[in-house]
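Residue-level structural notes
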Amino acid sequence: MMRLETFTLRSLGTALLASTVLTSAAIAQQAAPAEAPAEQEVDISAPGGDGLEIVVIGTKIPNVIRTTREVVSVLSQAEIERSGEGDIAGALKRVTGLSVVGGKYVYVRGLGERYSLALLNGLPIPSPDPLRRVVPLDLFPTSVLSSSLVQKSYSANYPGEFGGGVINLTTRAVPDKPFLSFGGSIGGNTVTTGEVGYVYRGGDYDAWGFDDGTRSVPGPLKAAQASGNIIGLGAFSLPELQTIASSFSNSSTSVIQRNSSIPADMAMNVTGGTSFDVGDVRLGIVATAGWSNEWRTKSGKQQNSLGIGNVDGEQALILNQDFDFLATENNVKVNGLLGLGAEFGEHKIRLTNLYIKDTIKEARQQIGTNAADFDGNLLNRTATAFFERQLIDTQAVGEFRFGNLSLDVRGTYANSKRLSPYERGFRYAFTEDFGINDFVNALQGPGQGATIAFSRLNENVYGAAIDLGYKFDSLPFPARVVAGYSYNDNQRESDFFQYRFQPSDALPIGVIQQRPDFLLSDFNIQTYGIFLQQTNTQPGAARYEASLKVHGAYGQFEIEPTDGVQFVAGVRYEDGQQRVLPIDLYSAGTVAIPETNIERSYWLPAATLTWNFMEDMQVRLSASKTVARPQFRELANQFYFDTDNDRGSFGNPLLVDSQLTNLEARYEWYFGTDERLTVGAFYKNIDKPIEIIAFITSDTITTTFGNAPRATLYGAEIDAQKIFRLDTLSNSEFFQSRRILLGFNYTYTDSRLKVNPGDRTIDPTFQEVEATNLFRDGAPLTGQSDHLINFQISLQDEDSLSEQTLMFNYASDRVSQRGAALLPDLIERPGVRLDFVWRQAVPIGGFDIQLQFEARNLTNTRYQEFQTLNSSRVDYNTYDLGRSFQFGASLNF
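Residues numbered from 1 in each chain as written. Predicted model: local features only at pLDDT ≥ 70, side-chain atom pairs only at ≥ 80, totals over all residues. Heavy atoms only, no water.

With that settled, the discussion passes to the sheet that holds strand β29 (residues 690-697). Taking strand neighbours across the sheet as the criterion, the four strands line up as β25-β26-β30-β29 in an open arrangement whose pairing is mixed. Here the strands that pair on one side only, and so sit at the sheet edges, are β25 (640-642) and β29. The sheet shows a mean angle of 30 degrees between the axes of neighbouring strands, taken without regard to direction. Bridge count for strand β26 (residues 647-649) against strand β30 (residues 700-707) is two bridges, and the pairing is parallel. Paired with Gly-648 across the strands is Thr-702, a residue of β30. (Pairing = 2+ DSSP bridges. Helix = DSSP H or I, 4+ residues; strand = E, 2+ residues; numbered from the N terminus. Axes fitted to C-alpha atoms, helices over the stretch in contact; angles between N-to-C directions.)

Glancing now at the packing of aromatic side chains. Overall, the coordinates contain 20 aromatic pairs when judged by the stated rule. Aromatic pair Phe-248 and Phe-454: ring centres 6.1 Å apart, planes at 25 degrees, arrangement stacked. Taken as a pair, Phe-248 in the loop between α5 (238-246) and α6 (251-254) and Phe-454 in strand β18 (residues 449-472) lie far apart in primary sequence, 206 residues in all. Between Trp-611 and Phe-613, the ring centres sit 5.2 Å apart and the planes meet at 50 degrees, which makes this aromatic pair tilted. Look at Trp-611 and you get partly exposed, because its relative accessible area is 47%. An aromatic cluster of at least three residues, connected via ring pairs, comprises Phe-248, Tyr-422, Phe-454 and Phe-501. The ring of Phe-210 has Lys-357 lying over it, and the distance from NZ or CZ to the ring centre is 3.9 Å. Over the ring of Phe-866 we find Arg-873; its NZ or CZ atom is 4.0 Å from the centre of that ring. (Phe/Tyr/Trp six-rings, centres within 6.5 Å; stacked < 30°, edge-to-face > 60°. Buried < 20%, exposed > 50% of the residue type's maximum accessible area, 1.4 Å probe, protein only. Lys NZ or Arg CZ within 6 Å of the ring centre and 35° of its normal.)

This part is about unusual backbone geometry. Comment: phi is negative for the bulk of residues other than glycine, and the bulk of peptide bonds are trans. In this structure, Leu-443 takes a positive phi of about 65 degrees despite not being glycine. Take Leu-443: it is sitting in the loop between β17 (438-440) and β18. A relative accessible area of 3% means that Leu-443 is categorised as buried. Non-glycine residue Asn-870 carries a positive phi angle of around 55 degrees. You can see Asn-870 is positioned in the loop between β41 (863-869) and β42 (872-879).

Time to look at the nonpolar core. Residues Leu-221, Phe-501 and Leu-532 are the most contacted members of the largest nonpolar core, which totals 34 residues. Looking at this core, the elements with two or more residues in it are α4 (219-226), α5, β16 (405-431), β17, β18, β19 (479-503), α7 (509-512) and β20 (530-534). Among residues more than four places away in sequence, those in contact with Leu-221 are Ile-231, Ile-244, Phe-248, Phe-454, Tyr-499 and Leu-532. Counting residues in each nonpolar core, the second largest holds 20 residues, with Val-108, Leu-120, Leu-137 and Ile-167 among its members. (Core = buried A, V, L, I, M, F, W, Y, C linked by side-chain atoms within 4.5 Å. Contact = heavy atoms within 4.5 Å.)

Spelled out as structure tokens, the structure:
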């Protein structure tokens, strides 16, 4: 039933699409004559969501972003490299209107990651995150990507599940000429590297991100799970349960050790490619492989409050939990990309296979008090974990051109996994009873216990699409029509088995003072009757199955009725069937958990008008309707405990789809190559948005989800980029080839829930209640910052690689979670960050060597999540991030 799966790289398949956004655009710019031709077609975004061939007719093209027919932001390979970020999530926070939450999830214009659609080469990708159907973007190293396009206005050729925007990641394409590059880096962090941290033994291959079998589910537990019975007294005898309890890897997974000097971060990568002719066919291959090993220690406060009291004459939050914590994470990433391509005539075929493995090994200790545990005495909690996330994505794409007729076909199979074997936790409480004066763990009673959990998530995505386009020459104005069909099938299985170690009788004083591995030694288990007891036995708590099948078809036309005016309009029909089935493994449920079965069809119109009223200026107006479906985790009634924030959550199977109306307007001025000024405004009306609901269970805060009645979101953004050439300042050779690039963007967003008396919603007990019981009218959407600012200044050499970039990022406070029991909301404070990246080419002995130095978080901004009331403050999760520094080099052939 439960097993630790072995991750292997599957055989080659899938699609590297014909051209990346920037590569094709650059070719188009180079080919453009000095005067605007009567008609020009430029394919600048073959990696588009359901067949994204963008056609620009009758206009000179001075800027990449201008050539698109929608409101977009583009992060080119050069911009990704300039940011110096190791994963695409970090790079995307430089884009106008985008913020990154938790280092993984991208929020577009304040809308949570559930409203953002992530695609890889225009095709869907599954998520290995048990909490979300949206893939965490920290999974994608920048070394395997060539560009990223963020489209903020909807068009009918994209899937209809489009709220804040779509993020389309494009993998490296087949090169025009051979290349080979070897790279490596070493770095550290001021609060981690060379400082005190916690580690545990684990397995021999942990440093490479793979388990060596140490954490495999032991045979006795496998056999017990396969029996279909609840593991505990009744279905099993005490000796059988003792045998199971004795079968686990013990010391290597439970004993946390103090490491007085945490190692440095390291990374290695190799990338290469070539192309050649076979007859009339141009063939190419590109491959990349990488490995990184990074350490991070978090040290700070974890508190919570469950009520309000009167302190010094004013209302104040009353502390319940107050812990100091220190946690060390060892994050290992392994990735590989293999792409094949063939071009013959006007036709192109691309095959791509992407493999990503991301593993976090964590050791954590908390020391503090809990008002509900052990009379407020000091508690010591430890936890060890090994989280494995894997993505295998196989794609195939064909692009065929027959004069004015175009045919695009795409197909994908992708699999994601998340394995978390041996999540172990131990709770000790300090006592002075019987003259002990020590921490004790009797495996029962307030503040004490030992648990172990195994979880497995497996998700498959099958997708296919076909797009047919035709450009008319016989009409009095340029026109093109496109129609297409797509099919996506997501299938998920999720298992979570949690157990506690239970004594048959009170343990001796000498035993309860022992360290974890001695406490659960074979001798103690057999001598004192310690056995294993399963704790999650309700329907759906241990397993759920989920699926989402979407058939989509669209039609779209593009016309230029008069010179400088382009109109694109279309409609998409989508039929979606979403199911989440809680599995009652043991027929033990006293409360029936509803099954989710959402079957809805939608007509989703979209239109964009672009008026190029001057040679270098244009205005865009856009309107559309879209949908946001609940994520699997929001629907599944499976409990999940997040050790990062000490909070548990479960889903609400009675959620319904959210429907959005989107309006957009933008003015664009392109006053030079790679120079621009854009000013835009946007408005969204959301019917039945899905929001987090928090409530108190025992001594902890638990979250679930609910449909608020309505919400609105509106705002404005400005994006500017200007280049200053320095050759006019001096005749010095240094200044002749250098320029300064200034980039600035700012986004203001305001969102509000709309809750009126008489509005109804579903509460955590699956009952229909007044919406005002759960949601506050006028409250902002969770995760939305009012203000986002990015500024960068870069000194660049146009003749060779020499670039020094200073980057400033600011995000204002945002609600991270609703307050429970009418308490104030929890606030996350991202604050100000200042980063510096230096890149330099150094030719040595005929070799091209590139050096890179990075300095991150120079402002030493802390992570802060807190709750305030008057002068009182509770730090739910606050810790130092430290400053990070890294030096790297690559050898290029």
